[in-house]
Amino acid sequence: MITLYHCDGARSFRPLWMLEEMGLAYELKMLPFPPRVLAKDYLALNPLGTIPLMIDGDLKMTESSGICHYLGTKYGPTPLIVGVDEPAYGTFLNWMYFSDATLTFPQTLVLRYSRLEPEERRNPQVATDYAKWFLGRLRAVETVTGNVETLCAGRFTAADIVIGYALRLADSIGLSGDFGPNVAAYWARLQQRDSYKRAREAERRAGVEQKVAPRLRL
Ligand SMILES: N[C@@H](CCC(=O)N[C@@H](CS)C(=O)NCC(=O)O)C(=O)O
């Protein structure tokens, strides 16, 4: 059984969505945010204190997009993964890495310096600069989604899941008003997907059952 540690709205939503899309069995463990501070026991499992943490037998993984790639290749074959023999293979990998390294990284600075830090340490200039950085990088998504329904390979793939999460995060930190028209339409389409709705419901239900309130949406 795969175990996924998750905080409401956090990057661990990527593997949660992937698990739902693939119909795999999993156990979802909810943590308060930030677990590093509020769930000290968790540090014994993941010394980084970050989420996600996915445990599959002896394996532990802590990179949200990497876990999606792992699930698709390990428990596939699935059309969610673009194979090495397909023309879109490199493009697929580029989106997979782009999702966290290029898109989510500036978002976390916006979040941190506009909401997470105590008032006296907040920094509007950092928040504004990195919001602009994020929206600039998002042009790559705006360009591609003008012509096609999904990011690559002519079908819905794990790349749409990992980039889709960055759009969810942008929405929750107040950046979606600045989405271009193609990204806005793409984000609306992603939210209509059954697996996305199931993942949102699984996260909500697990939070209620485990009595972990969504303290911060991120
Ligand atoms: N690159 C990692 C980043 C993991 C990460 O930093 N997660 C954040 C939540 S979205 C976290 O746990 N922050 C709490 C902390 O740093 O204590 C990934 O893609 O999963």
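Each residue is numbered by its place in its chain's sequence as written, counting from 1. Local features in this predicted model are restricted to residues of pLDDT 70 or higher, and side-chain atom pairs are both shown and tallied only at a pLDDT of 80 or more, whereas totals for entire chains, interfaces and linings draw on every residue. The basis for every side-chain value is the complete set of non-hydrogen atoms in the structure, without hydrogens or water.

Student: How should the overall build of the protein chain be read in this particular structure?
Tutor: Think of it this way: any DSSP run of H or I at least four residues long counts as a helix, any run of E at least two long counts as a strand, and we number them from the N terminus. Of regular secondary structure, the protein chain possesses 9 helices and 4 strands. Beginning at the N terminus, the succession of helices and strands in the protein chain can be written as β-α-β-α-β-β-α-α-α-α-α-α-α. For 218 residues, the compact-globule formula gives about 17 Å, and the C-alpha radius of gyration of the protein chain, at 17 Å, lands near that figure. Along the first, second and third principal axes, the C-alpha atoms of the protein chain reach 45 × 45 × 25 Å. A burial count over the protein chain gives 49% of its 218 residues as buried. Note on definitions: a residue-residue contact is assigned when non-hydrogen atoms from the two residues lie within 4.5 Å. A fraction of 69% describes how many contacts in the protein chain between residues 6 or more apart in sequence connect residues 24 or more apart. About 10,500 Å² of surface is accessible on the protein chain, with carbon and sulfur atoms providing 53% of the total. Here the protein chain holds 26 positive side-chain charges and 24 negative ones, and the gap between their average locations is 4 Å. Radius of gyration here is computed from C-alpha atoms only, and the compact-globule reference equals 2.2 Å multiplied by the residue count raised to the power 0.38. Burial classification: accessible surface area is computed with a 1.4 Å probe over protein chains only, and a residue below 20% of its type maximum counts as buried, one above 50% as exposed, and the rest as partly exposed. Accessible areas in this description were obtained via Shrake-Rupley with a 1.4 Å probe; residue shielding takes into account the shown protein chains only. Note on charges: Lys and Arg go in the positive column, Asp and Glu in the negative column, and His and the chain ends are not counted at all. Every charge is mapped to an atom, namely NZ of Lys, CZ of Arg, CG of Asp or CD of Glu.

Student: Which parts of the structure should I look at to understand the sheet that holds strand S2 (residues 26-30)?
Tutor: In a beta sheet, neighbouring strands pair by backbone hydrogen bonds and run either parallel or antiparallel. Between any two strands, pairing holds if DSSP finds at least two bridges. Taking strand neighbours across the sheet as the criterion, the 4 strands line up as S2-S1-S3-S4 in an open arrangement whose pairing is mixed. Because the sheet does not close on itself, it has two edges, and the strands there are S2 and strand S4 (59-61). Geometrically, the sheet is characterised by an average inter-axis angle of 15 degrees between neighbouring strands, direction not taken into account. Judged from the 5 bridges that link them, strand S1 (residues 2-6) and S2 form a sheet pairing that is parallel. Bridge pairing in S2 links Tyr5 to Lys29. On top of the sheet, helix H1 (residues 13-22) reaches S1 and S2; it is set at about 145 degrees to S1, its chief contact. Axes here mean lines fitted to C-alpha atoms, for a helix over just the part in contact, with angles spanning 0 to 180 degrees between N-to-C directions.

Student: Sorry if this is basic, but what is going on with helix H8 (residues 181-191) here?
Tutor: Residue pairs spaced three or four apart in an α-helix point in one direction, given the helix's 3.6 residues per turn. By the burial criterion, the buried members of H8 are Val183, Tyr186, Trp187 and Leu190. Projected down its long axis, H8 shows its buried positions confined to an angular sector of 100 degrees, all on one face. Buried residues along H8 sit in contact with H1, helix H6 (139-144), helix H7 (158-172) and helix H9 (194-209). As used here, the arc is the angular range of directions from the helix axis to the C-beta atoms.

Student: When you look at the packing of aromatic side chains in this model, what are you seeing that I'm missing?
Tutor: Any pair of aromatic rings gets described here by the distance separating the centres and the angle formed by the planes. Each Phe, Tyr or Trp ring (for Trp, its six-membered ring) is paired with any other whose centre lies within 6.5 Å, and the angle between the two planes then decides the class: stacked below 30 degrees, edge-to-face above 60, tilted in between. Enumeration over the complete set of coordinates arrives at 12 aromatic pairs. On the basis of an interplanar angle of 50 degrees and a centroid distance of 6.0 Å, the ring pair of Phe13 and Trp17 is categorised as tilted. Of this pair, Phe13 and Trp17 both sit in helix H1, 4 residues apart, roughly one helical turn. For Phe13, a relative accessible area of 0% corresponds to the buried category. Centre to centre, the rings of Trp17 and Phe156 are 6.2 Å apart; their planes meet at 45 degrees, and the pair counts as tilted. Note that Trp17 is positioned in helix H1 and Phe156 in the loop between H6 and H7, a separation of 139 residues in sequence.

Student: For this particular structure, what's the right way to read the site of the ligand?
Tutor: Nearness here has a simple test: a residue counts as near a molecule or strand if at least one of its heavy atoms is within 4 Å of that partner. In the vicinity of the ligand, the contacting residues are Ala10, Arg11, Phe33, Arg36, Thr50, Ile51, Pro52, Thr62, Glu63, Ser64 and Asp100. Nitrogen and oxygen atoms within 3.5 Å of one another constitute a polar contact, given that in protein one can donate a hydrogen and the other can accept it, and given that sequence-neighbouring residues count only through two side-chain atoms. The contact in question runs from an oxygen atom of the ligand to an N or O atom on the backbone of Thr62, over 3.4 Å. In the environment of the ligand, a nitrogen atom lies 2.7 Å from a nitrogen or oxygen atom belonging to the side chain of Glu63. Three classes are used, and their members are as follows: Ala, Val, Leu, Ile, Met, Phe, Trp, Tyr, Cys and Pro are nonpolar, Asp, Glu, Lys and Arg are charged, and the others, Gly among them, are polar. Here the residues of the shell around the ligand sort into 4 nonpolar, 3 polar and 4 charged.

These values are about where atoms sit, not about what they do.
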